Amino acid sequence: MSTTTLEDLKDVATEAGVVEAEENALPEPKIDELGRAYASGKRKTAVSRVWIKPGSGKIIVNKKDHTEYFGRAVLQMIIKQPLVAAERNGQYDIYCTVTGSGPSGQAGAVRHGIARALTYFEPELRGVLKKGGFLTRDSRVVERKKYGRKKARRSFQFSKR
């Protein structure tokens with residue numbers, strides 16, 4: 001009776017044409033020549049462009065500090081959610097531009113862009129951010145107004161007279 005070793009099994013697998021899958025193959029970080037990762041984020045009709053690089057934790061939105069641009073504390077919390085979930089709060093400088101929609105949509109777009117840029121900078125964070133729902137683009141947009149109606153679904157008030 002012969003004993004089969006792990007090396008023998010690997011040899012048989014390679015001879016049979018079975019290709020081994022690399023364990024936990026993570027994609028390479030996408031970092032430009034300036035050491036930044038770039039991503040875009042979207043929410044409603046807002047579009048953000050986000051660059052992150054290692055730093056002191058500054059967040060600049062449209063050439064203003066994020067506390068100045070997003071005045072409400074809820075919006076400031078929303079844009080920091082991916083950093084808090086990944087336990088990277090205060091480790092990256094973030095520069096972003098955002099256009100379209102209103103404050104809520106813009107904060108959601110910046111949050112989406114930050115999460116995507118983090119995965120490009122550190123691919124191992126993808127699981128944490130995906131589980132938190134930060135990488136999924138929120139596809140809800142305002143329904144268009146229909147003709148013969150006051151809004152998308154609201155009718156004019158009915159009167160019998």
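Our subject is the structure that appears above.
Residues numbered from 1 in each chain as written. Predicted model: local features only at pLDDT ≥ 70, side-chain atom pairs only at ≥ 80, totals over all residues. Heavy atoms only, no water.

Caption draft 1: Looking closely at the pattern of salt bridges. Inspection of every chain in the model, using the stated rule, returns six salt bridges. Its salt-bridge partner being Arg88, residue Glu122 comes within 2.9 Å of it at the nearest N-O pair. With Glu122 in the loop between α4 (103-121) and α5 (126-132) and Arg88 in the loop between α3 (73-85) and β5 (92-99), this residue pair connects regions lying 34 residues apart in the sequence. Exposure class is identical for Glu122 and Arg88. Each is buried. With its nearest N and O atoms 3.1 Å apart, the salt bridge here joins Arg153 to Glu143. You can see Arg153 sitting in the segment after α5 and its partner Glu143 sitting in the segment after α5, a full 10 residues away along the chain. Residues joined by salt bridges that share partners form a network here, namely Arg43, Asp138 and Arg140. (Salt bridge = Lys/Arg side-chain N within 4 Å of Asp/Glu carboxyl O. Helix = DSSP H or I, 4+ residues; strand = E, 2+ residues; numbered from the N terminus. Buried < 20%, exposed > 50% of the residue type's maximum accessible area, 1.4 Å probe, protein only.)

Caption draft 2: Structural context of the packing of α3 against α4. Where α3 contacts α4, the axes come no closer than 8 Å and their chain directions differ by 15°. One way to sum up the angle between α3 and α4 is to call them roughly parallel. Seen along the crossing, α3 lies across α4 with a hand that is right-handed. Where α3 abuts α4, its residues Leu75, Ile78, Ile79, Gln81, Pro82 and Leu83 lie against Pro103, Ser104, Ala107, Gly108, Val110, Arg111, Ile114, Ala115 and Leu118. Classifying every residue of the contact of α3 with α4 by side-chain character gives 11 nonpolar, three polar and one charged. (Axes fitted to C-alpha atoms, helices over the stretch in contact; angles between N-to-C directions. Parallel < 35°, antiparallel > 145°, perpendicular 65-115°, else oblique. Left-handed = near helix turned anticlockwise from the far one by under 90°. Contact = heavy atoms within 4.5 Å. Nonpolar A, V, L, I, M, F, W, Y, C, P; charged D, E, K, R; others polar.)

Caption draft 3: Summary view of the packing of aromatic side chains. For the structure shown, the criterion picks out four aromatic pairs. Summarising the aromatic geometry, the rings of Trp51 and Tyr95 are spaced 6.0 Å apart at their centres and angled 40° between planes, so their arrangement reads as tilted. Of this pair, Trp51 sits in strand β2 (residues 46-54) while Tyr95 sits in strand β5, placing them 44 residues apart in sequence. With a centroid separation of 5.0 Å and 90° between ring planes, the pair formed by Tyr69 and Phe70 is classed as edge-to-face. Exposure remark for Phe70: the relative accessible area of 1% places this residue in the buried category. (Phe/Tyr/Trp six-rings, centres within 6.5 Å; stacked < 30°, edge-to-face > 60°.)

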